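Fold and geometry: a report
Each chain, written out:
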Amino acid sequence: GDSTEYFFQQLKTIATPDYLPSKQDVLCSRKATRGIHEYDLLVKKVPFKFVDVGGQRSQRTKWFQCFDEVTTVLFLVSSHAFDMTIVEDRHTNCLDESLSVFSVIGNHRAFRRLSFVLFLNKADLLEEKLKTVSIADFHEFPKGKDPQKVSDVYQYLVKRFASLMRHRDIPLYHHLTTATNTKNIEMVFEAVRSTLLEKSLNSMMLI
């Protein structure tokens, strides 16, 4: 898994009899989402309802029953997985699979008026991988750009996803994130919160 190195480094601590997981331990742990889970959060007095759906192929048939009254779709992609294959069949490229799923959701008639926020997650792992691996070895990368430079790869990924949205009036917001970095996530979520609040006010014609 992505956090194997982290937990190996923490083995002495974890092996102590009185060990209690730290916040970072919890952030680095991973459990696949199965089924549909709803979370209600109050952020700066603004209520949010998050609906977390499983990303595995077997879970996707359940998605569309969840999207009544949804205002925004948050789409998470592992930015470093451009050279990896999905668990289900071990031959489909992870980035190609994410692009395929995004195309279906982004162009579904139920979502034509929704905002989309693309999270290109695991930026830290992307930066580390690009030191030794070129994305150009796995995907057609534009000439004149550096396939091992994070900013160029980030812009390339954003353009790949944005190009799939046939309804050009749908805004696509995007962020490069590291979910285990709490300061990064706080900053990104504040930007998303402001965007969603502005969109909500616009829909009510208050601004």
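In this text the structure is predicted, and so the values were computed from the model without any measurement.

Rules and cut-offs
- Residues numbered from 1 in each chain as written.
- Predicted model: local features only at pLDDT ≥ 70, side-chain atom pairs only at ≥ 80, totals over all residues.
- Heavy atoms only, no water.
- Helix = DSSP H or I, 4+ residues; strand = E, 2+ residues; numbered from the N terminus.
- Buried < 20%, exposed > 50% of the residue type's maximum accessible area, 1.4 Å probe, protein only.
- Contact = heavy atoms within 4.5 Å.
- Areas by Shrake-Rupley, 256 points an atom, 1.4 Å probe, with all protein chains shown as cover.
- Pairing = 2+ DSSP bridges.
- Axes fitted to C-alpha atoms, helices over the stretch in contact; angles between N-to-C directions.
- Nonpolar A, V, L, I, M, F, W, Y, C, P; charged D, E, K, R; others polar.
- Phe/Tyr/Trp six-rings, centres within 6.5 Å; stacked < 30°, edge-to-face > 60°.
- Lys NZ or Arg CZ within 6 Å of the ring centre and 35° of its normal.
- Salt bridge = Lys/Arg side-chain N within 4 Å of Asp/Glu carboxyl O.

**Some remarks on the overall build of the protein**
The secondary structure content of the protein amounts to seven helices and five strands. Of all 207 residues assigned to the protein, the portion counted as buried reaches 35%. Taking as baseline every contact in the protein between residues at least 6 positions apart, the subset at least 24 positions apart corresponds to 59%. Accessible surface computed for the protein: about 13,600 Å², of which carbon and sulfur atoms make up 54%.

**Comments concerning the pairing of strand β2 (residues 46–53)**
Relative to β2, strand β1 (residues 36–43) is paired through eight bridges, and the arrangement is antiparallel. Its bridge partner being in β2, H37 is matched across the sheet by D52. Where β1 folds back on β2, the antiparallel hairpin that results is connected by two residues, among which K44 adopts a positive phi of roughly 50°.

**Thoughts on the packing of helix α4 (residues 94–106) against helix α6 (residues 150–162)**
Relative to each other, α4 and α6 sit at 35°, their axes nearing to 9 Å. For the pair α4 and α6, contact is made by L95, D96, S98, L99 and F102 and by L157, R160 and F161, respectively. Across the contact of α4 with α6, the residue classes tally to five nonpolar, one polar and two charged.

**Some words on the packing of aromatic side chains**
Centre distance and the angle of the planes are the two values used to describe a pair of aromatic rings. One pass over the full model with this rule turns up seven aromatic pairs. Taken together, a centroid distance of 6.3 Å and an interplanar angle of 55° make the contact between F75 and F161 tilted. Remark: F161 occurs in helix α6 and F75 occurs in strand β3 (residues 72–78); sequence separation between them is 86 residues. Its relative accessible area of 0% is what places F161 among the buried residues. Aromatic side chains F102 and F161 sit 5.3 Å apart centroid to centroid with 90° between the ring planes, which places their arrangement in the edge-to-face category. Linking F102 in helix α4 with F161 in helix α6, this pair joins segments that are 59 residues apart in sequence. Across this residue pair, the class does not change: F102 and F161 are buried. Over the face of the ring belonging to F82 we find K129, whose NZ or CZ atom lies 5.6 Å from the ring centre.

**Looking at the pattern of salt bridges**
Counted under the stated rule, the structure contains four salt bridges. Between K49 and D40 there is a salt bridge; the shortest N-O distance is 2.9 Å. Relative accessible area serves as the criterion here: at 55%, D40 is assigned to the exposed category. Between D83 and K129 there is a salt bridge, and its shortest N-O distance comes to 2.6 Å. Pair noted here: D83 is in the loop between β3 and α4 and K129 is in helix α5 (residues 123–129), with a separation of 46 residues, a long-range link. Several salt bridges share partner residues, and in doing so they unite E38, D40 and K49 into one network.

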